Amino acid sequence: MSRAPYIHQLNAIDPANAEGPAKAVLDSALKQVGFIPNMYANMANAPAVLSTYLHGYALFRSESGLTPTEQEV
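These remarks concern the structure in this document. (Residues numbered from 1 in each chain as written. Predicted model: local features only at pLDDT ≥ 70, side-chain atom pairs only at ≥ 80, totals over all residues. Heavy atoms only, no water.)

Here we look at a nonpolar patch on the surface
- Side chains of Leu30, Val33 and Phe35 sit close together on the surface and give an oily, nonpolar patch of about 250 Å² of accessible area.
- Inspection of the secondary structure puts Phe35 in the loop between α1 (20–33) and α2 (38–43). (Patch = residues over 30% accessible without salt bridge, like charges linked within 9 Å, V, L, I, M, F, W, Y side chains within 5 Å. Areas by Shrake-Rupley, 256 points an atom, 1.4 Å probe, with all protein chains shown as cover. Salt bridge = Lys/Arg side-chain N within 4 Å of Asp/Glu carboxyl O. Helix = DSSP H or I, 4+ residues; strand = E, 2+ residues; numbered from the N terminus.)

What about the packing of aromatic side chains?
- Using the criterion set out here, one finds two aromatic pairs in the structure.
- On the numbers, 5.8 Å between centres and 65 degrees between planes, the contact of Tyr40 with Tyr53 is edge-to-face. With Tyr40 in helix α2 and Tyr53 in helix α3 (residues 47–63), this pair connects stretches of sequence that are 13 residues apart.
- Judged by relative accessible area, Tyr40 falls into the buried class, the value being 5%. (Phe/Tyr/Trp six-rings, centres within 6.5 Å; stacked < 30°, edge-to-face > 60°. Buried < 20%, exposed > 50% of the residue type's maximum accessible area, 1.4 Å probe, protein only.)

A closer look at the pattern of salt bridges
- In this structure the tally under the stated criterion is two salt bridges.
- Among the ionic pairs, Asp27 bridges to Lys23, the shortest N-O distance being 3.3 Å. One end of the pair is Asp27 and the other is Lys23, both in helix α1 and four residues apart, which spans about a single turn.
- One salt bridge in this structure joins Glu72 and Arg61, with 2.1 Å as the shortest N-O distance. Of this pair, Glu72 sits in helix α4 (residues 68–72) while Arg61 is found in helix α3, placing the two residues eleven residues apart along the sequence.
- Given a relative accessible area of 28%, Arg61 falls into the partly exposed group.

A few points about the packing of α1 against α3
- Between α1 and α3, whose axes approach to 9 Å, the crossing angle comes to 25 degrees. Between α1 and α3, the angle falls in the class roughly parallel. The interaxial crossing formed by α1 with α3 has left-handed handedness. For the pair α1 and α3, contact is made by Pro21, Ala22, Val25, Leu26, Ala29 and Gln32 and by Pro47, Leu50, Ser51, Leu54, Tyr57 and Ala58, respectively.
- For the contact of α1 with α3, a count of residues per class yields ten nonpolar, two polar and no charged. (Axes fitted to C-alpha atoms, helices over the stretch in contact; angles between N-to-C directions. Parallel < 35°, antiparallel > 145°, perpendicular 65-115°, else oblique. Left-handed = near helix turned anticlockwise from the far one by under 90°. Contact = heavy atoms within 4.5 Å. Nonpolar A, V, L, I, M, F, W, Y, C, P; charged D, E, K, R; others polar.)

A few points about the environment of Asn45
- Its place among the elements puts Asn45 in the loop between α2 and α3.
- Separated by 23 residues in sequence, Asn45 and Ala22 have C-alpha atoms that sit 7.0 Å apart.

Remarks on α1
- With 14 residues, α1 extends 20 Å from end C-alpha to end C-alpha; this agrees with the ideal 20 Å at 1.5 Å per step.
- Of all the positions in α1, only Ala22, Val25, Leu26 and Ala29 are classed as buried. Each buried residue of α1 lies within a common arc of 100 degrees when the element is viewed along its axis, so the set occupies one face.
- Where the residues of α1 are buried, they touch α2 and α3.
- Taken from the residues just after α1, Gly34 is the one with a positive phi, measuring 95 degrees. (Expected span 1.5 Å × (residues − 1). Arc of directions from axis to C-beta.)

It is worth stressing that arrangement in space is one thing and function is another; only the former is reported here.
See below:
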């Protein structure tokens, strides 16, 4: 049996209009990065996903033992 792929499109969340958990995590991202990348605005549709990403990214930056240049590679 063949199934059609599930396609779902979400709009990026504008930080100026964000509410609830999405606003909280976007505010945190803004403090952490200094701006809101498009990827973050899209991930904010599932605030827990963006929160988890930001947490992991911060740990990678602070505890990886790699230089900033190595981290960018």
